[in-house]
Amino acid sequence: MFYYVLKYVLIGPLLRLVFRPRIEGLEHVPEEGPAIIAGNHLSFSDHFLMPTMLKRRITFLAKAEYFTGPGIKGRLTAFFFRSAGQIPVDRSGRNAAQAAITEGLGVLSKDELLGIYPEGTRSHDGRLYKGRVGVAAMALKGGVKVVPCAMVGTFELQPPGRVIPRFGIGRVTIRFGEPLDFSRYDGMADERTALRAVTDEIMYEIMELSGQEYVDRYAPEVKAEQEAEAAAQAQQRRKARLRR
């Protein structure tokens, strides 16, 4: 019940005012039955903006850290995310991927919409990164179609690390593509090559919808390298200043 209060009373109207979203291809989202909505992830606001635009309720898999914060703030954050239709998923440890798949299949088994970001994390620089194969495993094991989705403009309005969105610099477009049918891979849900092929096809469609530059590497790897390089450069600058 509180999900719809957030959507239609508390959060939805505010998000519409701030981001002024345009919706394209909404007819591609099925009106009933299970399906996966797979999208790019550019901003914290993605979690809430796209669901407010859909007629149906959608459940997202979200990182467990949103639900385990300490103190009153942590409990309020956890309550907010659960009320917004988010399911916590522990991304650490060997069994993390299987736990996410199990949670996702549970949502699909109830004929609901499941939202997932195949990149596994927000893009730190606005580019589209290589997808994790969990989305493919859920699509094949659940026997459901995947609707690609592109958020365009949320990175510019609210990039990672920014709490308050920038006002008056543009609008957000939420673009849905035609549902992808992977029934040709029936019986191959445990084959790595099939999972990779399905995931890459999904990411290609997201790239086409979003217009993002694609990087065929996982986002955390690239981010770690960039941070290490920046730290090394900062250290060199400090040494140079000391030698003067």
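Since the model is a prediction, treat every value here as computed from it, not as a measurement. (Residues numbered from 1 in each chain as written. Predicted model: local features only at pLDDT ≥ 70, side-chain atom pairs only at ≥ 80, totals over all residues. Heavy atoms only, no water.)

A.B. asks: Quick question: what am I supposed to make of the packing of helix 2 (residues 12–19) against helix 3 (residues 46–53) here?
C.D. replies: The description of two helices packed together rests on the angle between their axes and the distance between the axes. Where helix 2 contacts helix 3, the two axes come as close as 10 Å, and the packing angle between them is 105 degrees. Taken together, the axes of helix 2 and helix 3 are roughly perpendicular relative to one another. Across the interface between the two elements, Gly-12, Leu-15, Arg-16 and Phe-19 from helix 2 touch Phe-48, Leu-49, Thr-52 and Met-53 from helix 3. Here the contact of helix 2 with helix 3 is built from residues that sort into five nonpolar, two polar and one charged. (Axes fitted to C-alpha atoms, helices over the stretch in contact; angles between N-to-C directions. Helix = DSSP H or I, 4+ residues; strand = E, 2+ residues; numbered from the N terminus. Parallel < 35°, antiparallel > 145°, perpendicular 65-115°, else oblique. Contact = heavy atoms within 4.5 Å. Nonpolar A, V, L, I, M, F, W, Y, C, P; charged D, E, K, R; others polar.)

A.B. asks: Would you mind going over the side chain of Lys-130 with me for this structure?
C.D. replies: Counting through the fold element by element, Lys-130 comes out in the loop between strand 6 (128–129) and helix 6 (134–142). For the buried residue Lys-130, which engages in no salt bridge, the nearest side chain bearing the opposite charge is Asp-216, 4.6 Å off. Setting aside its immediate chain neighbours within four residues, Lys-130 contacts Pro-118, Glu-119, Arg-196, Tyr-214, Val-215, Asp-216, Arg-217 and Tyr-218. (Buried < 20%, exposed > 50% of the residue type's maximum accessible area, 1.4 Å probe, protein only. Lys, Arg positive; Asp, Glu negative; His and termini not counted. Salt bridge = Lys/Arg side-chain N within 4 Å of Asp/Glu carboxyl O.)

A.B. asks: Please explain the layout of surface pockets as it appears in this structure.
C.D. replies: Over the atoms rolls a probe the size of a water molecule, and its path tells where empty space is left. In this structure, the second largest pocket encloses a volume near 400 Å³. Lining the second largest pocket are 16 residues, with Phe-44, Ser-45, Gln-158, Val-163 and Pro-165 positioned closest to its centre. Ranked by residues supplied to the lining of the second largest pocket, first place goes to helix 2 with four residues. Residues of the lining of the second largest pocket, tallied by class, amount to 11 nonpolar, three polar and two charged. (1 Å grid on protein atoms, 1.4 Å probe; cavity = no way out; pocket = protein on both sides within 12 Å on 5 of 7 lines; lining within 4 Å. Points joined across faces, edges and corners; volume = space filled by probe spheres on them.)

A.B. asks: Honestly, the pattern of salt bridges in this entry has me stumped. Any pointers?
C.D. replies: Where charged atoms of side chains with opposite charge meet at close range, the side chains can pair. Scanning all chains against the criterion turns up seven salt bridges. Linking Glu-201 and Arg-184 is a salt bridge whose minimum nitrogen-to-oxygen distance equals 2.6 Å. One end of the pair, Glu-201, is in helix 8 (residues 192–210); the other, Arg-184, is in the loop between strand 8 (173–176) and helix 8, and 17 residues separate them in sequence. Here Glu-201 falls in the partly exposed class, since its relative accessible area comes to 25%. Between Arg-217 and Glu-225 there is a salt bridge, with the nearest N and O atoms lying 2.7 Å from each other.

A.B. asks: Mind showing me how you'd approach the packing of aromatic side chains here?
C.D. replies: The geometry of an aromatic ring pair is captured by two quantities: the separation of the ring centres and the angle between the planes. Using the criterion set out here, one finds three aromatic pairs in the structure. The interplanar angle of 25 degrees and the centroid separation of 5.2 Å between the aromatic rings of Phe-60 and Tyr-117 together place this pair among those described as stacked. With Phe-60 in strand 3 (residues 58–63) and Tyr-117 in the loop between strand 5 (113–116) and strand 6, this residue pair connects regions lying 57 residues apart in the sequence. Relative accessible area serves as the criterion here: at 11%, Tyr-117 is assigned to the buried category. (Phe/Tyr/Trp six-rings, centres within 6.5 Å; stacked < 30°, edge-to-face > 60°.)

A.B. asks: Can you walk me through the sheet that holds strand 2 (residues 35–39) in this structure?
C.D. replies: Sheets are built from strands paired through backbone hydrogen bonds, the pairs being either parallel or antiparallel. Strands sit in the order 1-8-7-2-5-3-4 across an open sheet of seven strands; the sheet is mixed. In the strand order of this sheet, the two ends are held by strand 1 (22–24) and strand 4 (86–89), each with one partner. Averaged over all adjacent pairs, the angle separating strand axes in this sheet is 25 degrees, with direction ignored. In terms of strand pairing, strand 7 (residues 146–152) meets strand 8 through four bridges, oriented antiparallel. Each residue of the ladder has a partner; that of Met-151, found in strand 8, is Ile-174. In the packing of helix 8 onto the sheet, contacts are made with strand 2, strand 7 and strand 8, and the angle to strand 7 comes to roughly 35 degrees. (Pairing = 2+ DSSP bridges.)

A.B. asks: What is the right way to look at helix 3 in this model?
C.D. replies: For an α-helix, 3.6 residues make a turn, and residues three or four places apart therefore share a direction. With eight of its eight residues buried, helix 3 lies for the most part within the structure. Every buried residue of helix 3 is accounted for by Asp-46, His-47, Phe-48, Leu-49, Met-50, Pro-51, Thr-52 and Met-53.

The values reported here are purely geometric and, on their own, carry no functional implication.
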